[in-house]
Amino acid sequence: MVQLHGKFKAFVNSRWLVFVCAMWIQSFAGIGYLFGSISPVIKSTMGYSQREVAILGVAKDWGDAVGFVAGSLSEILPTWGILVIGAVLNFVGYGMLWLIVSQRLPALPLWVLCICIFVGTNGETFFNTAALISCVQNFPKSRGPIVGILKGYAGLSGAILTQIYAMINSPNESSMLFMIAVGPSMVAIALMFIVRPVGGHKQVRPSDNSSFLFTYSICLVLAAYMLGVLLLEDLVNISQPLITLFAVILIILILLPIVIPVILVFFSDPTHSMQESLLVESQGEEAGKSEEDKTEVIFSEVESEVEDDKSLEVNSLSVSERQKRIAQLQAKLLHAAADGAVRVKRRKGPRRGENFTLMQALVKADFWLIVFSLFLAAGSGLTIIDNLGQITQSLGYNDSSIYVSMISIWNFLGRVGGGYFSEIIIRDYAYPRPVAMAVVQVIMAFGLFYYAMGFPGQIYVTTVLVGLGYGAHWAILPAAASELFGLKSFGALYNFLTMANPAGSLIFSEVIASGIYDHYAKEQATLRHQISGSMLIKPLRDEDSLTCVGTICYSITCGILSGLCIVACVLSLIVVYRTRRVYTQLYGSST
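Residues numbered from 1 in each chain as written. Predicted model: local features only at pLDDT ≥ 70, side-chain atom pairs only at ≥ 80, totals over all residues. Heavy atoms only, no water.

Draft legend 1. Geometry of the overall build of the protein. Looking only at helices and strands, the protein features 25 helices and zero strands. Counting only residues that meet the buried cut, the protein has 51% of its 591 residues in that class. Considering only intrachain contacts with a sequence separation of at least 6, the fraction spanning at least 24 residues in the protein is 84%. When the accessible surface of the protein is split by element, carbon and sulfur atoms take 65% of a total near 27100 Å². (Helix = DSSP H or I, 4+ residues; strand = E, 2+ residues; numbered from the N terminus. Buried < 20%, exposed > 50% of the residue type's maximum accessible area, 1.4 Å probe, protein only. Contact = heavy atoms within 4.5 Å. Areas by Shrake-Rupley, 256 points an atom, 1.4 Å probe, with all protein chains shown as cover.)

Right, dumping it as structure tokens:
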């Protein structure tokens, strides 16, 4: 009985249990990806125009991006408090929206619905913050895979919730809003005391490789299964019992990773669980370290300071002379510090690789280089995603849902694969993680350029490459930010970075893509008036529908976005050059 109690305690404190539960929360947290499914019922019920629906979409995008409140509160509140706030915001925002759309409340102005959808979607930022902070702190040596998998599940959550709703088969279309209001909130409340930094056992263990391999396998199976189900539902009329079976299999695949902590705790070496418990208990002892431990910290700081302050004169020496010179400097500084004769002079504020606050990061060039790189590349990717319906229609495809679903699947695979790819770069070669960001930006640039040139199969190539590249950003960037600016204010830093995404889309989509589309739509409408009517040009009226047909509608836009991705790649390479020493110190010499 005592042994069973010990194993259960080790299971509750397992960082893999935390990770799996965070995956479950993220599986229901991507509420914003369902806007395309709920906007038709809002439009028809409320009698809105397409412009008014677009305004709701903007409110949704900013609710999904403005996460600095969640990031700031994560530094003073426990993780369960962050999850509770997110659950309340999700329930209140989408709950009010459901009451209005289902006509249980009288019709209210558009700005009220904008506030509701902003508040409801903003709850997603609290779910993301709690899940990412907890797991990155529990797996500091595996940040790439952790962030990639969690963000991947968030990107796939729209398809997951859609399948679950299809299983319910409610005749009332507004009931999806009720499911969105209740479902994610219930999952977050149920798991709020499990998802947390467990502390202590954060080292890399031999079992981690097989555990991550199993998780990646599930991700690939899940992506392939979802793509197959979406294709089948689009091409064949499937009965309701079969849809229910598909949803049940989907739920089983989502729950399957729980076998990892179960096997590690209950079926592995008995000493493993004991080591985990001892390491957790030792966390409290770390706060009362002896003076000898503090001296060791001082020594490491002195060594780091000497390394950072090496002069050009020292660097010009031979290898043996340089090492001798540095050793002499270290000996002199440590001897003086031990005798109390001098105080080691520290730079103002932290160095890269240490813990930054958001305000400290905002004055660093590296941070803004990352922000502008994300602004250009991820903003370009989101522009394609937001306009994919119009892009497919301009190419003559009647049903755009299959391509929307496809880019969601590739987005998921990009997030999972981006984390794995960036981890290989730093583990095997000790290159800075932003190298991976530069690579995926080149991939995005090629996909956009392929569309701009009008090559065969352009919609398929662009969908795959843009989906992969856009998704990979959200695995690579948070991990890189945590390595360069620390974990203490990771929530605030991450949520500030996410605001670059809708800001880029707002400019590129509303100004560039829409402007070019409307220009060619007006030209084509004028030409149609000339051909169908007399030779006189009839003036276009405001109520005339402007629809652009052909590759030209978005080819210039894709060409511009391709160039912006190349500029983003250059910015990423500048970050690589500036941060290579930090990554060398963290992961060893580059080969």
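Having put the structure on the table, let's press on.
Draft legend 2. A look at the pattern of salt bridges. Counted under the stated rule, the structure contains four salt bridges. A salt bridge links Arg 578 to Asp 366, with the nearest nitrogen and oxygen atoms 2.4 Å apart. Taken together, the residues Arg 578 in helix H25 (residues 552-587) and Asp 366 in helix H18 (residues 365-386) connect sequence positions 212 residues apart. Look at Arg 578 and you get partly exposed, because its relative accessible area is 36%. Residue Asp 366 is classed as buried on the basis of its relative accessible area, which comes to 3%. (Salt bridge = Lys/Arg side-chain N within 4 Å of Asp/Glu carboxyl O.)

Draft legend 3. Main features of the packing of H18 against helix H21 (residues 434-453). It is the contact of H18 with H21, at a shortest axis distance of 11 Å, that shows an interaxial angle of 40°. Between H18 and H21, the interaxial angle falls into the category oblique. H18 and H21 meet at a crossing whose hand is left-handed. Here Ser 373, Ala 377, Gly 381 and Ile 384 of H18 come into contact with H21, specifically with Met 437, Gln 441, Met 444 and Leu 448. Along the lines of polarity and charge, the residues of the contact of H18 with H21 split into five nonpolar, three polar and no charged. (Axes fitted to C-alpha atoms, helices over the stretch in contact; angles between N-to-C directions. Parallel < 35°, antiparallel > 145°, perpendicular 65-115°, else oblique. Left-handed = near helix turned anticlockwise from the far one by under 90°. Nonpolar A, V, L, I, M, F, W, Y, C, P; charged D, E, K, R; others polar.)

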